[in-house]
Amino acid sequence: MLPVDPAPTRSPARVVALAGAVAVVLTVVLVGGLDVYRLGGSTRHLRRTISEYALGPQRWVFDTAVVLLVLGSAAILAVLVRRGVTRWNSVAAVAFAAWSVGLALVVVFPKNNWAIGPSVGGGIHRFGSLLAFVALPVAAVLLARPWRRDPVWGAHARRTSALGLLSALAFTPILYAIAVNAVVGTPWWRVIPLGYVERLLVLTEVVAVLVVGLWAVAATRSAPPAAGQPEYKPSNTSR
């Protein structure tokens, strides 16, 4: 293992990592603010999906929140790669990038307005949502796996892995609803309180990204491998 040397406090990588983490926090503030604002009238809207905000006057708030999450996630991934925590061509990095791509599709293609009818854009929106929801737990678990027993990054890795597994668990009610639809024929979005389930899923996944972001911030405190030196690797296995 290479020695861990302190990096400059205001290094570009540290600024990028901090900006990514702040962007994730702002996402929670903006979307949570929409829910709190609507709670003043009724709790019924919480049974609807978060993306329905994109069909109303609050669309700019919703779009801003998701774009911040996309940019923050991309910044965090870039720092993790730059500091040698993962590689661009690793499955973990590809899955983390897929999370950002899925979120971008959610913004570019709003969900169906069922008062008008189905649309191609609505189908792309559903695909983007599914891609993001599935990719993030995969990214978190695979990113953490080689580092869980590492003396330097072990604690970060274990927290990341735990949040990844919790995100996967939060997705299981949707899988159950799809299974009920396949067997019984009941529309899957009516099997469960979809809005509540989606909010729980989104919360766990966004917190997982924030935990990874804090890992990226911590990684900027150590110098990356010098040219010609082997990459910094976990003590128990290679990536």
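Residues numbered from 1 in each chain as written. Predicted model: local features only at pLDDT ≥ 70, side-chain atom pairs only at ≥ 80, totals over all residues. Heavy atoms only, no water.

## Quick notes on the packing of helix 1 (residues 12-39) against helix 2 (residues 59-82)
Put simply, the rule is: Axes here mean lines fitted to C-alpha atoms, for a helix over just the part in contact, with angles spanning 0 to 180 degrees between N-to-C directions. We count a stretch as a helix when DSSP gives it H or I for four or more residues in a row; a strand needs E for two or more, and each element gets its number in order from the N terminus. If an angle is under 35 degrees, it is roughly parallel; if it is over 145, roughly antiparallel; if it lies from 65 to 115, roughly perpendicular; otherwise it is oblique. For a crossing to be left-handed, the near helix must be turned anticlockwise from the far one by less than a right angle; the clockwise case is right-handed. Only heavy atoms matter for contacts: two residues are in contact if any of them lie within 4.5 Å across the pair. Three residue categories are used. Nonpolar comprises Ala, Val, Leu, Ile, Met, Phe, Trp, Tyr, Cys and Pro, charged comprises Asp, Glu, Lys and Arg, and polar comprises the others, including Gly.
Contact geometry of helix 1 with helix 2 gives a least axis separation of 8 Å together with a crossing angle of 155°. In this view, helix 1 runs roughly antiparallel relative to helix 2, as classed from their interaxial angle. Pair helix 1 / helix 2 crosses with left-handed handedness. Mapping the contact onto sequence places Ala13, Val16, Ala17, Gly20, Ala21, Ala23, Val24, Leu26, Thr27, Leu30, Val31 and Leu34 in helix 1 and Val61, Phe62, Thr64, Ala65, Leu68, Leu69, Gly72, Ala75, Ile76 and Val79 in helix 2. A class-by-class count of the residues in the contact of helix 1 with helix 2 yields 18 nonpolar, four polar and no charged.

## A short note on the packing of aromatic side chains
The following threshold applies: Stacked, tilted and edge-to-face are the three classes applied to pairs of Phe, Tyr and Trp rings, where Trp contributes its six-membered ring and a pair requires centres within 6.5 Å; stacked means planes under 30 degrees apart, edge-to-face means over 60, and tilted covers the rest. Per-residue accessibility, obtained with a 1.4 Å probe over protein chains only, is compared with the maximum for each type, and a residue is labelled buried under 20%, exposed over 50%, and partly exposed between these values.
With the rule as written, the count across this model stands at one aromatic pair. For the ring pair Trp188 and Trp189, a centre distance of 6.1 Å and an interplane angle of 85° mean the geometry is edge-to-face. Classification of Trp188 by relative accessible area gives partly exposed; the value is 27%. Residue Trp189 is classed as partly exposed on the basis of its relative accessible area, which comes to 48%.

## As for the nonpolar core
Our working definition: We call a set of buried Ala, Val, Leu, Ile, Met, Phe, Trp, Tyr and Cys residues a nonpolar core when their side-chain atoms join them within 4.5 Å.
Ranked by size, the top nonpolar core spans 48 residues in total, and within it Ile76, Phe96 and Trp99 carry the most contacts. Only helix 1, helix 2, helix 3 (91-108), helix 4 (120-144), helix 5 (154-183) and helix 7 (194-219) provide two or more residues apiece to this core. Tallying contributions element by element places helix 2 first for this core, with eleven residues. Dropping the residues within four chain positions of it, Trp99 is found in contact with Leu69, Ser73, Ala132, Ala135, Leu136, Glu205 and Val209. Core analysis: the second largest hydrophobic core is formed by nine residues, Phe133, Ala170, Ala177 and Leu194 among them.

## Things to note about helix 1
For the record, the criterion: To estimate how far a helix should extend, the number of its residues minus one is multiplied by 1.5 Å.
Under the 1.5 Å per step criterion, the end-to-end length of helix 1 is 40 Å for 28 residues, consistent within 8% with the ideal 40 Å. All of the buried residues along helix 1 are Ala13, Arg14, Ala17, Gly20, Ala21, Ala23, Val24, Thr27, Val31, Leu34 and Asp35. Looking at the packing, one finds that the buried side of helix 1 touches helix 2 and helix 7.

## Side note on the pattern of salt bridges
Put simply, the test is: Salt-bridge detection follows one rule: a side-chain nitrogen of Lys or Arg within 4 Å of a carboxyl oxygen of Asp or Glu.
All chains considered together, the criterion is met by three salt bridges. Residue Lys111 pairs with Glu52 through a salt bridge whose shortest N-O separation is 3.6 Å. A residue pair is termed long-range when its members are at least 10 positions apart, and Lys111 in the loop between helix 3 and helix 4 and Glu52 in the loop between helix 1 and helix 2 qualify at 59 residues. Measuring nitrogen to oxygen at the nearest pair gives 3.0 Å for the salt bridge that ties Asp63 to Arg59.

Any functional reading would require information beyond the geometric quantities listed.
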